[in-house]
Amino acid sequence: MIIPFFIMNKGCPNRCVFCNVQKVAGKQRISLTESAIRETVLSYIRHARREPDEVQVAFYGGSFTGLDRNDEIELLGYVKGLMDEGLVHSLRVSTRPDYIDEEQCDLLRSFGVKTVELGAQSMVDKVLELSGRGHSAADTERALKILKIRDFATGIHLMVGLPGDNRDKFTYTINRCVDLKPDTVRIHPTIVFENTALARACREGRYKPLSMTEAVDACKYALKRFSSANIPVIRLGLQTTSEMEAAGSIVAGPFHPAFHALVEESIFYDRACDLLSQRNVAGKTVTLAVSSRDISYMHGQKNGNIKKLTDRFQLNKIHVIPNAELQRGAMILI
Ligand code: SF4
């Protein structure tokens, strides 16, 4: 069980063109006092459906290791207290690659931090520059190396559709990240939030966001590539907050509250097309078997996959049935 807390760096000195961290963190920002953290942790544990194997506190949002050092130590200390009581087992933080060095690693380790997630966003320096990130791809490589040497579990955050990005550059980013072997990856499309430099660029025609189809296609490639390298993609798309959904909050971009499902559904559509195109199925009723946990992906939102497949292959009907012997992602045409 991961219990997220969102930190706001006081006056982050960076100028990422897409950043509206308030919208992304949303209501999950709480006042990070010792008692508030404790209450939140106890509430999560009380309301868990079953006893969690591991309770992990996560500090997301700004850059944890960019906090004022005293604030950082204070927050780490609050959670260490909960660890000493046996309520929390481990700690996870997210930060920028250029805010990781040996000294930080020693500090994090001494307070029981197990996982460090790095906001790499892209592995192409020009894209990072145009996005105002203020760090390079080499910073990500260096930070990951330092973390791995010290046995931290590592995660990488990536964005698709940043200024200057294109399909070739995104493919390069994915392949470079596969080579770096992080333990997990999170990917989300670039969304244009109000009151950002990107919103201004968008209005002035200097930035064009990805369409939903482009974003799904790019993330489909990324998901398949990471999966084949046994690197779990633990999030696709931004976690929706009520602030994000408020009218006028999002100016443009491929935002969908179930973006991950859109990508998975598209992969299932492609698989079904591969199978159906190998047989003469026009005018027939066909049955596709998938894992019971993939039934909704096979159908697609509002039965979209079934409708598209029926039209494309001129089918009479498609039945989708669960098969307990199939692993997730597998499909059989019966
Ligand atoms: S994305 Fe992170 S590093 Fe960039 S401006 Fe926002 S808070 Fe600062």
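Conventions adopted
- Residues numbered from 1 in each chain as written.
- Predicted model: local features only at pLDDT ≥ 70, side-chain atom pairs only at ≥ 80, totals over all residues.
- Heavy atoms only, no water.
- Pairing = 2+ DSSP bridges.
- Helix = DSSP H or I, 4+ residues; strand = E, 2+ residues; numbered from the N terminus.
- Axes fitted to C-alpha atoms, helices over the stretch in contact; angles between N-to-C directions.
- Contact = heavy atoms within 4.5 Å.

**Q** Account for the sheet that holds strand β1 (residues 2–7), naming residues and giving values.
**A** If you trace the seven strands from one edge of the open sheet to the other, you get β1-β2-β3-β4-β5-β6-β8, paired in parallel fashion. Bordering the open sheet on either side are β1 and β8 (233–236), each of which pairs with just one other strand. On average, adjacent strands in this sheet sit at an angle of 20° to one another, irrespective of strand direction. In this structure, strand β5 (residues 153–160) lies alongside strand β6 (residues 184–189), joined through six bridges in parallel fashion. Paired with leucine 158 across the bridge in β6 is isoleucine 187. Packed on one face of the sheet, helix α9 (residues 212–228) meets β5, β6 and β8 and runs near 175° to β6.

**Q** Quick rundown of the sheet that holds strand β10 (residues 285–290)? Include the residues and the values.
**A** If you trace the three strands from one edge of the open sheet to the other, you get β11-β10-β12, paired in mixed fashion. Looking along the sheet, the strands with just one partner apiece sit at the ends: β11 (317–322) and β12 (331–333). Averaged over all neighbouring strand pairs, the angle between strand axes comes to 25°, with direction disregarded. Taken together, the six bridges between β10 and β11 define a ladder with parallel strand orientation. Across the sheet, the residue bridging to threonine 287 is histidine 319, located in β11. Lying over the sheet, helix α11 (residues 259–276) contacts β10 and β12, oriented at roughly 30° with respect to β12.

Geometry only, nothing functional implied.
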